[in-house]
Amino acid sequence: MMSKAMALLLACSVVLAGCGGGSSSTSASMNAQDYIKNKYSLESADGSGSNMQKVYRATGQSVPDVAQKIADQQKPDEMSKSDDDDMFLVYNNDIVHVQQDGEKQSDTLIEVDSKQYVQQHYDPNYLSPFLTGMLIGNMFGSNWGSKSYPSYHGYGEYKYSSKYPGKSYPHKSSSYNYGSSSGSSSSSSKSGSSSSSGSSSSSKSGSSSSSKSSVTPPKSSSGTGKVITKKK
């Protein structure tokens, strides 16, 4: 009688231990890139190796919600303030640009870029209102401004401008002062997002308004300059 009771108690202990182990593994957080890859559908890819961009789509979700979900999985080194159009999360080897899809504004695009890809494609003046100047300098160096693609502001705008040449890229957000003076040394800073962004004199809209109809395509490592879109 005693041996049966002990056997039953032992069996219960094994079951409980198994349940506890499963719970801890399920609750463990993924890193940001794995979370994005597993959670959202792949939209496009460009480049290879350390010079790589991947874009994912979050259907029916807002930019702030998606950015926060990613940050909850892995805390970024820096995260720009909440905005309906564009948010940036900086990690050790990648920069995640969460952006509204200008063509389908109910959706959010999640652009995961390697540091090398950002350095070779993005407009430095566009990033400075979102991220601190010290971080940008540490990541890309002080001479990053002398680069070949001053009109690239992310996959969403590039895709939209390529499809609708000459048409202004839509923005609905009012949380940043696009192209207006905020009283600081920068005539266009997205107020409060960066304490070191005063060195920039270009705004998101100001730096791109003259190039909306001729956005320079990103140049992939293959030299094609084309974004590879995933077939559905």
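I will try to describe carefully the structure that is included in this document. None of these values were measured; they are calculated from a predicted model. (Residues numbered from 1 in each chain as written. Predicted model: local features only at pLDDT ≥ 70, side-chain atom pairs only at ≥ 80, totals over all residues. Heavy atoms only, no water.)

## Quick look at the overall build of the chain
Within the chain one finds 7 helices and 7 strands. Looking at the chain as a whole, 45% of its 232 residues qualify as buried. Nonlocal contacts in the chain, meaning residues at least 24 apart in sequence, comprise 62% of its contacts between residues at least 6 apart. Accessible surface for the chain amounts to roughly 11,800 Å². Of this, 53% is attributable to carbon and sulfur atoms. (Helix = DSSP H or I, 4+ residues; strand = E, 2+ residues; numbered from the N terminus. Buried < 20%, exposed > 50% of the residue type's maximum accessible area, 1.4 Å probe, protein only. Contact = heavy atoms within 4.5 Å. Areas by Shrake-Rupley, 256 points an atom, 1.4 Å probe, with all protein chains shown as cover.)

## Quick look at the environment of Tyr169
Here Tyr169 shows up in the loop between α7 (155-163) and β7 (228-229). Here the side chain of Tyr169 touches Gln100 through a polar contact of 3.0 Å, landing on its backbone oxygen. Within the structure, the side chain of Tyr169 is placed 3.2 Å from the backbone nitrogen of Gly102, a separation counted as a polar contact. (Polar contact = N/O pair within 3.5 Å; in protein donor to acceptor, adjacent residues only side chain to side chain.)

## Considerations on the pattern of salt bridges
Enumeration according to the criterion identifies 8 salt bridges in this entry. Here Glu43 ties to Lys159 by a salt bridge, and the two come within 3.7 Å at their closest N and O atoms. Note that Glu43 is positioned in strand β1 (residues 41-48) and Lys159 in helix α7, a separation of 116 residues in sequence. For Lys159, a relative accessible area of 19% corresponds to the buried category. One salt bridge in this structure joins Asp101 and Arg57, with 2.9 Å as the shortest N-O distance. You can see Asp101 sitting in the loop between β5 (94-100) and β6 (108-114) and its partner Arg57 sitting in strand β2 (residues 51-58), a full 44 residues away along the chain. For Asp101, a relative accessible area of 2% corresponds to the buried category. (Salt bridge = Lys/Arg side-chain N within 4 Å of Asp/Glu carboxyl O.)

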